[in-house]
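A structural walkthrough
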Amino acid sequence: MTKKLYIETVGCQMNVLDSELVVGSLRRHGFELAHEIDTADVILFNTCSVRQHAEDKIYSALGTLRGHKRRYPEKIIGVLGCMAQKDQELIRRRAPHVDIICGTGQLARLPELIAEVERTGKLQLALSLDRTESRHEVERSFESYDPLRDPSMRPNRFQAYVRIMIGCDKFCTYCIVPSVRGPEQSRHPEYIAAEVRQLADEGCKEITLLGQTVNSYKYEQGDGRRLRLSDLLDRIHGTSGIKRIKFITNFPRDMDDDLLDAVRDLPKVCPYLHVPAQSGCDDILRRMKRQYTADYYRDMLARCRERVPGVAISSDFIVGFCGETEESFERTCHLVREGGFKNSFIFKYSPRPGTKGHEHYPDDVPEEVKKRRNNDLLAIQNKVSLADHRRKVGERVEVLVEGPSKTALKADWSGPLQLTGRTMSDHIVVFEGNERLTGHLVQADIEEATAFTLFGRVVTREYDGVESASGASGEESVAQLGQRQRIQLPLVSGAP
Ligand code: SAM
Ligand code: SF4
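Residues numbered from 1 in each chain as written. Chains lettered and ligands numbered in written order. Predicted model: local features only at pLDDT ≥ 70, side-chain atom pairs only at ≥ 80, totals over all residues. Heavy atoms only, no water.

Within the protein chain one finds 19 helices and 24 strands. At 24 Å, the protein chain has a C-alpha radius of gyration in line with the 23 Å of a compact globule built from 496 residues. With respect to the principal axes defined by its C-alpha atoms, the protein chain has extents near 70 × 65 × 60 Å. Out of the 496 residues belonging to the protein chain, those deemed buried represent 53%. Surface accessibility of the protein chain: about 22,200 Å² in total, with carbon and sulfur atoms responsible for 49%. Computed over 72 positive and 73 negative side-chain charges, the inter-centroid distance for the protein chain is 2 Å. (Helix = DSSP H or I, 4+ residues; strand = E, 2+ residues; numbered from the N terminus. Rg over C-alpha atoms; globule rule 2.2 N^0.38 Å. Buried < 20%, exposed > 50% of the residue type's maximum accessible area, 1.4 Å probe, protein only. Areas by Shrake-Rupley, 256 points an atom, 1.4 Å probe, with all protein chains shown as cover. Lys, Arg positive; Asp, Glu negative; His and termini not counted. Charge placed at Lys NZ, Arg CZ, Asp CG, Glu CD.)

Our next topic: helix 6 (residues 110-120). Given 3.6 residues per helical turn, the α-helix brings residues three or four places apart onto the same face. The set of residues buried in helix 6 consists of Leu110, Pro111, Leu113, Ile114 and Val117. Down the axis of helix 6, the smallest arc covering the buried residues is 165°, so these residues share one side. For helix 6, the elements touching its buried residues are helix 1 (13-27), strand 2 (31-33), strand 3 (42-47), strand 4 (76-81), strand 5 (100-102) and strand 6 (124-126). Positive phi shows up at glycine 121, right after helix 6, with a value of about 70°. (Arc of directions from axis to C-beta. Contact = heavy atoms within 4.5 Å.)

Let's shift gears to the side chain of lysine 268. Along the polypeptide, lysine 268 turns up in the loop between helix 11 (257-265) and strand 14 (272-274). Aspartate 234 provides the closest opposite charge to the buried, salt-bridge-free lysine 268, at an N-O distance of 11 Å. Once residues within four sequence positions are removed from consideration, lysine 268 is found in contact with His237, Gly238, Thr239, Ile242, Lys243, Arg244, Ile245 and Met424. (Salt bridge = Lys/Arg side-chain N within 4 Å of Asp/Glu carboxyl O.)

Our next topic: the site of ligand 2. The immediate surroundings of ligand 2 are formed by Cys168, Lys170, Phe171, Cys172, Tyr174, Cys175, Val177, Pro178, Gln212, Thr213 and Arg290. In terms of residue class, the shell around ligand 2 is made up of seven nonpolar, two polar and two charged. (Near = heavy atom within 4 Å. Nonpolar A, V, L, I, M, F, W, Y, C, P; charged D, E, K, R; others polar.)

All chains considered together, the criterion is met by one cavity of 30 Å³ or more. Put simply, the largest cavity is a space of about 100 Å³. Along the walls of the largest cavity sit 12 residues, with Thr104, Glu143, Arg163, Ile166 and Arg181 positioned nearest its centre. (1 Å grid on protein atoms, 1.4 Å probe; cavity = no way out; pocket = protein on both sides within 12 Å on 5 of 7 lines; lining within 4 Å. Points joined across faces, edges and corners; volume = space filled by probe spheres on them.)

As a further point, take the sheet that holds strand 14. If you trace the three strands from one edge of the open sheet to the other, you get 14-15-16, paired in parallel fashion. At either end of the open sheet lies a strand with only one pairing partner, and these are strand 14 and strand 16 (344-348). When strand polarity is set aside, the average angle formed by the axes of neighbouring strands in this sheet is 10°. In the sheet, strand 14 pairs with strand 15 (residues 312-319) via three bridges, with the strands oriented parallel. Residue pairing in the sheet places tyrosine 272 in a bridge with alanine 312 of strand 15. (Pairing = 2+ DSSP bridges. Axes fitted to C-alpha atoms, helices over the stretch in contact; angles between N-to-C directions.)

Taken together, 14 residues sit near ligand 1, with Tyr174, Gln212, Gln278, Asp316 and Ser350 positioned nearest. One nitrogen or oxygen atom from the main chain of tyrosine 174 is found 3.0 Å from a nitrogen atom belonging to ligand 1. The contact in question runs from an oxygen atom of ligand 1 to an N or O atom on the side chain of aspartate 316, over 2.6 Å. Secondary-structure elements contributing two or more residues to the shell around ligand 1 are strand 15 and strand 16. (Polar contact = N/O pair within 3.5 Å; in protein donor to acceptor, adjacent residues only side chain to side chain.)

In this section: the pattern of salt bridges. Taken as a whole and assessed by the stated rule, the structure comprises 51 salt bridges. Arginine 109 is paired through a salt bridge with glutamate 112; the nearest N and O atoms lie 3.3 Å apart. On the basis of relative accessible area, arginine 109 is assigned to the partly exposed category, the value being 27%. Accessibility expressed as a relative area gives 45% for glutamate 112, which makes it partly exposed. The closest approach of N and O atoms between lysine 348 and glutamate 367, which form a salt bridge, is 2.9 Å.

Let us now look at the pairing of strand 17 (residues 396-404). The pairing of strand 17 with strand 20 (residues 441-449) spans five bridges and is antiparallel. Looking across to strand 20, one finds that glutamate 398 is bridged to glutamine 443. Bridge count between strand 17 and strand 18 (residues 418-422): four bridges; the pairing is antiparallel. Directly across from glycine 403, in strand 18, lies its bridge partner threonine 420.

Attention now moves to the packing of helix 9 (residues 189-201) against helix 10 (residues 229-237). Their axes nearest at 10 Å, the elements helix 9 and helix 10 cross at an angle of 35°. Along this stretch, helix 9 crosses helix 10, giving a crossing that reads as right-handed. Contacts between helix 9 and helix 10 pair Pro189, Glu190, Ile192, Ala193 and Val196 from the former with Leu232, Arg235 and Ile236 from the latter. Partitioned by chemical class, the residues of the contact of helix 9 with helix 10 number six nonpolar, no polar and two charged. (Left-handed = near helix turned anticlockwise from the far one by under 90°.)

Here the focus is the nonpolar core. Core analysis: the biggest nonpolar cluster contains 51 residues, and Ile207, Leu209, Leu229, Leu233 and Phe247 have the highest contact counts within it. Counting 22 residues, the second largest nonpolar core, distinct from the first, contains Ala40, Cys48, Ala54 and Ala84. (Core = buried A, V, L, I, M, F, W, Y, C linked by side-chain atoms within 4.5 Å.)

Time to look at the sheet that holds strand 6. Pairing in this open sheet of six strands is parallel, and the strands run 2-1-3-4-5-6 from one edge to the other. Of all the strands in the sheet, just strand 2 and strand 6 have a single pairing partner and so form its edges. Going across the sheet, the axis of each strand differs from the next one's by a mean of 20°, ignoring polarity. Relative to strand 2, strand 1 (residues 3-9) runs parallel, the two sharing three bridges.

Okay, structure coming up:
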């Protein structure tokens with residue numbers, strides 16, 4: 001009999017990808033997805049440890065399942081990912097009804113762990129070594145988990161993440177990632193290229209290469225040559241069917257000119273760089289062990305813009321890190337004011353036991369101050385984003401249509417259908433259109449802008465539906481959407 005699996009995912013794109021892979025693997029072991037906890041035989045939480053808030057959400061969800069497990073003891077509950085790797089003892093204490101605790105580097109073992117719980121009824125632990133052991137052993141204990149892909153698990157089949165490396169070796173003092181995701185290890189370029197080929201064959205048009213510091217990618221080939229991200233982009237650029245290639249997240253110190261040249265010269269590579277700054281104050285950057293100064297970061301921004309004209313850049317900032325004074329915060333505000341970022345993600349510092357920051361520096365910025373700085377910085381970034389977005393008004397852009405906009409999905413929405421999609425530079429565009437444009441690339445003229453969204457009109461042209469419907473290209477297939485002989489049709493390319 002088919003068993004039902006419910007999975008809830010918290011956290012970053014890596015976790016979203018891990019969940020896709022877990023579901024793909026469990027489907028091959030006879031599982032089917034359940035959309036509600038009540039109907040599931042196996043309930044999994046793929047967790048995040050980057051901030052306390054993400055952990056609290058999981059403990060609260062586990063708490064509400066205590067009664068459920070008492071009523072249905074045969075149901076299996078699993079905690080996967082970063083929290084599992086970091087806090088196995090705490091999970092056992094706070095949620096003794098959990099059956100599986102499985103770290104980020106052990107997810108390939110899930111089918112076996114579930115079978116073992118079914119057989120023995122006993123708690124199953126699968127964790128990688130902590131980073132105090134020898135590097136080689138720790139590396140081996142963090143398995144790169146990239147089995148066959150399962151398109152049905154993605155929000156849509158025309159966009160996909162592809163992992164090009166696991167782990168991180170930067171050890172920023174606030175960050176738990178190097179502990180819970182292990183040492184930095186780059187994947188074999190041939191495996192990556194094969195996965196991209198497979199995704200393209202399944203109809204994928206846009207891939208996003210993932211790594212904690214994706215621009216640090218390096219793979220030593222047998223002939224002694226070291227392959228870097230620029231080489232990898234060049235290698236996969238020729239994959240037919242793939243129209244767009246993105247990569248996240250970049251480390252400022254590793255933003256080499258050859259990578260920027262690849263972004264400029266390879267037409268499918270999106271001119272969009274996410275390069276977190278974290279702070280604009282040198283003292284704080286030193287405490288964070290970010291390995292650069294604010295001026296180094298500014299020079300890097302200038303270099304990106306000089307080598308890749310028109311590139312869009314986004315950033316991350318942490319406010320309220322240990323020792324952050326009003327003066328240091330003002331330096332961060334200054335960097336955001338002048339940085340010209342398309343957008344920034346702003347976080348309040350959350351101390352993480354197990355990090356150097358937590359060990360060495362007191363969390364001395366009161367919560368109220370963190371909140372205020374968060375709001376102030378957001379307000380500054382919103383002004384900068386609005387200015388960036390306004391510069392786009394009047395431009396004609398290519399949009400990959402992702403589907404109905406959030407507004408259009410609201411129950412009380414009664415206006416014409418609004419679609420949303422993104423430009424090559426990762427700007428969000430909203431426009432009116434037929435839902436069947438989802439997955440197509442359309443041209444849109446930008447007419448209005450807010451700090452978060454561009455509003456546009458799809459470019460149409462007089463089109464002879466009957467004549468063109470006989471062809472096989474994506475443009476013709478969209479022509480078939482029109483029933484009349486002459487019709488205004490969106491300019492599109494590529495069938496979904
Ligand atoms: N590897 C990426 C990088 O280096 O930027 C992303 C890592 S982390 C999952 C994403 C963002 O979370 C970071 O850029 C940082 O701004 C934020 N972050 C990490 N640790 C944090 C902490 N302890 N408190 C608040 N924000 C944190
Ligand atoms: Fe965390 Fe720093 Fe590594 Fe990013 S580079 S994952 S912030 S340790």
